[in-house]
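Spelled out from the first residue to the last, the chains are:
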Amino acid sequence: MTQFLQLGIIGVSLGIVYALIAIGFVIILKCSQAFNIAQGHIVMIGGYIGFTFLVMGGLPLWAALLAAIATAMLMGLLIERLCLRPMVGQPVLAVVMMTIALGFSILEGLAILIWGGQYKTYSGVIPTEPIRLGEIYIPAATVIALILAAIVVAVLMLFFRYAKIGLAMRATAEDEQVAQAAGIRVTTVYALSWIIACVTGVVAGILLGGEAGVSPYLADIGLKAFAVVLLGGLNSIGGAIVAGIMVGVAESMAAAYLDPLTTRGGLATIFPFIIIIIVLVIRPYGLFGTRRIERI
Amino acid sequence: MSLASGTFNQSYAQDIAILRTRTQRVILLAFLALLFTCPLFLNDIWLHIMIMIGISVISAHGLNILTGYCGQISMGHAAFMAVGGFTSAILCTKVGFSFWAALPCAALFAGLVGLVFGLPSLRIKGFYLIMATISAYFIISWLVHFQLTDLTGGVFGLPAPKPEIFGTVLRSKASYYYLVMIMACLATVVAINIVRSRVGRAFIAIRDNDLAAEVMGINIWAYKLLAFFIGCVFAGVAGSLLAHYYAWASIELFPFIDSVWYLGMLIVGGMGNTTGAILGAVAFRLLDYLVIILAPIIARDFPAVGPQASASLSLIIRGLVIIVFLIFEPRGLAHGWGLIKAYFRLWPFSH
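Residues numbered from 1 in each chain as written. Chains lettered and ligands numbered in written order. Predicted model: local features only at pLDDT ≥ 70, side-chain atom pairs only at ≥ 80, totals over all residues.

**Student:** Would you mind showing me how to read the overall build of chain A here?
**Tutor:** Counting its regular elements, chain A contains eleven helices and two strands. The secondary structure elements of chain A, listed N-terminal to C-terminal, are α-α-α-α-β-β-α-α-α-α-α-α-α. For chain A, whose C-alpha radius of gyration is 19 Å, the value lies close to the compact-globule estimate of 19 Å for 296 residues. Here the C-alpha coordinates of chain A stretch approximately 60 × 45 × 35 Å along the principal axes. Taken across its 296 residues, chain A has 49% of its residues classed as buried. The long-range fraction of contacts in chain A, counting pairs at least 24 apart against all pairs at least 6 apart in sequence, stands at 74%. (Helix = DSSP H or I, 4+ residues; strand = E, 2+ residues; numbered from the N terminus. Rg over C-alpha atoms; globule rule 2.2 N^0.38 Å. Buried ≥ 20, exposed ≤ 12 C-beta atoms within 10 Å, placed from the backbone. Contact = placed C-beta atoms within 7 Å.)

**Student:** How do you make sense of the overall build of chain B when you look at a structure like this?
**Tutor:** Looking only at helices and strands, chain B features 15 helices and four strands. Against the compact-globule benchmark of 20 Å for 351 residues, chain B has a radius of gyration of 21 Å, which places it among compact chains. Over its C-alpha atoms, taken along the principal directions, chain B stretches across nearly 60 × 55 × 50 Å. For chain B, with 351 residues in total, the buried portion stands at 46%. Contacts in chain B between residues far apart in sequence, at least 24 positions, make up 74% of those at least 6 positions apart.

**Student:** Whenever I open this one, the packing of helix 2 (residues 39-56) of chain A against helix 8 (residues 186-212) of chain A confuses me. Can you help?
**Tutor:** For any two helices packed against each other, the geometry comes down to the angle between their axes and how far apart the axes lie. Residues and elements named next belong to chain A. Contact geometry of helix 2 with helix 8 gives a least axis separation of 7 Å together with a crossing angle of 60 degrees. With respect to helix 8, the axis of helix 2 lies oblique. Considering how the two elements wind past one another, helix 2 and helix 8 form a crossing that is right-handed. Residue-level contacts link Gln39, Ile42, Val43, Met44, Ile45, Gly46, Gly47, Ile49, Gly50 and Phe51 of helix 2 to Ala197, Cys198, Gly201, Val202, Val203, Ala204, Gly205, Ile206, Leu208 and Gly209 of helix 8. For the contact of helix 2 with helix 8, the class distribution of residues is 13 nonpolar, seven polar and no charged. (Axes fitted to C-alpha atoms, helices over the stretch in contact; angles between N-to-C directions. Parallel < 35°, antiparallel > 145°, perpendicular 65-115°, else oblique. Left-handed = near helix turned anticlockwise from the far one by under 90°. Nonpolar A, V, L, I, M, F, W, Y, C, P; charged D, E, K, R; others polar.)

**Student:** What am I meant to see in the interface of chain B and chain A here?
**Tutor:** Often the size quoted for an interface is simply the accessible area lost on bringing the parts together. On the side of chain A, 39 residues touch chain B, which itself brings 40 residues to the contact. Here the residues of the side of chain B that touches chain A sort into 28 nonpolar, ten polar and two charged.

**Student:** Just to check I follow, could you spell out the confidence of the model for chain A for this structure?
**Tutor:** When pLDDT is averaged along chain A, the result is 84, and 95% of the positions lie at 70 or above. Considering each helix and strand of chain A separately, the mean pLDDT is smallest for strand 1 (residues 131-133) of chain A, with a value of 74, and largest for helix 3 (residues 61-84) of chain A, with 91. (pLDDT = per-residue confidence, 0-100.)

**Student:** Is there a simple way to explain the confidence of the model for chain B in this structure?
**Tutor:** Regions with low pLDDT carry predicted coordinates that are not meant to be interpreted in detail. Put simply, chain B has an average pLDDT of 87, and 96% of its residues get 70 or more. With a pTM of 0.89, the predicted complex shows an ipTM of 0.84.

**Student:** What is the right way to read the packing of helix 3 of chain A against helix 8 of chain A from this model?
**Tutor:** All names here are of chain A. Packing of helix 3 against helix 8 brings their axes to within 8 Å, and their N-to-C directions diverge by 135 degrees. The orientation of helix 3 with respect to helix 8, classified from their angle, is oblique. Crossing of helix 3 over helix 8 shows right-handed handedness. Here helix 3 contributes Ala68, Ile69, Ala72, Met73, Met75, Gly76, Leu77, Ile79, Glu80, Arg81 and Leu84 to the contact with helix 8, which in turn contributes Tyr190, Ala191, Trp194, Ile195, Ala197, Cys198, Val199, Val202 and Ile206. Looking at the contact of helix 3 with helix 8 residue by residue, the class counts come to 17 nonpolar, one polar and two charged.

**Student:** Got a minute to help me understand the nonpolar core in this structure?
**Tutor:** Across soluble globular proteins, nonpolar side chains show a tendency to be buried alongside one another. In terms of nonpolar packing, the biggest core is built from 205 residues, with Ala22 and Val228 of chain A touching the most fellow members. Setting aside anything within four residues of it in sequence, one finds Ala22 of chain A in contact with Ala225, Val228, Val229, Gly232, Ala240 and Gly244 of chain A. (Core = buried A, V, L, I, M, F, W, Y, C linked by C-beta atoms within 7 Å.)

**Student:** Help me understand helix 10 (residues 237-258) of chain A, please; the structure alone is not making it clear to me.
**Tutor:** At 3.6 residues per turn, the α-helix brings residues three or four places apart onto the same side. Residues and elements named next belong to chain A. If you check helix 10, its first and last C-alpha atoms are 30 Å apart, about what 22 residues at 1.5 Å a residue would give, namely 32 Å. Along helix 10, the residues classified as buried are Gly239, Ala240, Ile241, Ala243, Gly244, Met246, Val247, Gly248, Ala250, Glu251, Ser252 and Ala254. Taken together, the buried residues of helix 10 touch helix 1 (2-32), helix 5 (140-162), helix 9 (219-232) and helix 11 (267-282). (Expected span 1.5 Å × (residues − 1).)

**Student:** Would you mind showing me how to read the environment of Gly62 of chain B here?
**Tutor:** Residues and elements named next belong to chain B. Tracing the backbone shows Gly62 in helix 3 (residues 44-69). As a C-alpha pair, Gly62 and Phe80 span 18 residues in sequence and 11 Å in three-dimensional space. Those residues within four positions of Gly62 in sequence are excluded, and the remaining contacts are Ile230, Gly231, Cys232, Val233, Phe234 and Ala235.

**Student:** Explain helix 11 (residues 220-246) of chain B here, please?
**Tutor:** Residues and elements named next belong to chain B. In this model, helix 11 (27 residues) spans 39 Å end to end at C-alpha, consistent with the 39 Å of a helix rising 1.5 Å per residue. Most of helix 11 sits inside the fold, with 20 of its 27 residues counted as buried. Just beyond helix 11, the residue with positive phi is Ala247, at close to 60 degrees.

**Student:** I would appreciate a short explanation of unusual backbone geometry in the present structure.
**Tutor:** Note: most residues except glycine have negative phi, and most peptide bonds are trans. Here the phi dihedral of Gln33 of chain A falls at roughly 55 degrees; this positive angle occurs in a residue that is not glycine. With respect to the helices and strands, the residue Gln33 of chain A is situated in the loop between helix 1 and helix 2. Classification of Gln33 of chain A by C-beta neighbours within 10 Å gives partly exposed; the count is 14. With a phi close to 60 degrees, Ala247 of chain B is a non-glycine residue in the positive phi region. Along the polypeptide, Ala247 of chain B turns up in the loop between helix 11 and strand 4 (248-249). Since 12 C-beta atoms lie within 10 Å of it, Ala247 of chain B is described here as exposed.

**Student:** Would you mind showing me how to read the environment of Asp258 of chain B here?
**Tutor:** All names here are of chain B. Among the structural elements, Asp258 can be located in helix 12 (residues 256-269). Look at Asp258 and you get buried, because 20 C-beta atoms sit within 10 Å. Taking C-alpha positions, Asp258 is 20 Å from Thr275, a pair spaced 17 residues apart along the chain.

Below is the structure:
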């Protein structure tokens, strides 16, 4: 039982990060109908940015976070303006190819160019002593992840409810042409959706980097987060959070209980991909997504 | 397709011919003659590039039929190549097949695996299918890496003996070049004829609007799976040729990023165009060579960039090329090639 709970906690902490990555994806998809395959690479770059400010810059945690968020905003703005703006109105395949090229070659290449593509750890910067709760240990990184994720989600909820531009984003997600007719600048909304996605991605990257270090392989975590996106339903932010925790827990349980059944293990790393296939075959629109109805 | 001025179709045979004018035949013959005499005057580096081009052309044809014509985006192409490569290596090393028997088996098995992972395409499309094929890559590479290690040799891979013909082993680069180029020419002929047949027209209808295609009486279920099967058969042949070229099958020959590059070849060459697949494969492999030449120069002139220059530059340059083509010429090199041909067809009257 203790082991079960412990695995659950590890899963939840992983799941929160998955949820953060998925939220960025969902916001871009809702606002600009672009499938952002590069989200995992934004997370990886985020991990390196965190490393730069925390370890190389030696800033305290809060200052490093603010600096990283500012950098993330700039990154989002640049990506949207240079790569995605020219693709408005192009077929879905072209936009997807753009984000694939952006992530798998440009961002990955930049990570290798700037940070040497090496494995970096934040050792000593983020506290590591676990908090004891009866028989169960909760890693400090998990607590920080929980707090940060809660802050991000709360800020986003308030932003979408009360800020004028947040309302504009919701209107654009509902119906782009009507929003445009009502005087909303849709291009600003697109740019903002990329900025938000980059911020959540970079925060997720710093959380992952704090737990296990950064390397270009971190981008694969972004690919796994697509299991979350699909399970939660492509256009549901609440679904992303619930599904994130479900996938995280499922992955950590698979590592403990299913791996001994296979000959050489490694099942945990591909378990999210198995979830993707199962979801796609059984319920392609996810748990909370809108069911698509197609007409000619 | 418009004809050169003064050329008219006078029979059905003329109407369906691929080569219609004498100029086309002469140019094609000259090209083939050049292609098959290359090893006489090319050095080993260029032969290596040409072999890689040939293998990429075969693979790109497969992805072009699947993605360019049928509209089913696949990011698992490298995995299907790996299936082909490992199947033929296992058949040759463990079962004792000759290369010539292993190659068709590898192609067939890659096609069957493609069918399995194509099954989700019956209910989903677009982004969902990308996810399904990405998952396919990781599941297949996990099976190869961790599970079927008795067969595949796990991380180390297993030897894939060089093919043998009439008692002589194709050990030199030049001899392997002929094998690859013959296969590439065959693949091109097959690809051209698939896409202009009933099957190819059905693929195009599904790509343009699958619901409308179904209403018109096209069996989407069968044709989508057929597209996956054909695409993966091409990938299997290419993967088998690649493994036997290096005489060793290992999962590192088929990295995930290759799936991205094959899609990139289609973007650069022109999606849904057989000439485009060839042009894209050639352009991409030449780009590789350019990076290999350029990277040391950049590393020397900008020491700050350091030793990782070559790895990062090859990624960034290829990505930039894809992005530039997506923004400025989404129809790819094939469109430019078509414009040049149209110019000469109408020459000397340009209007």
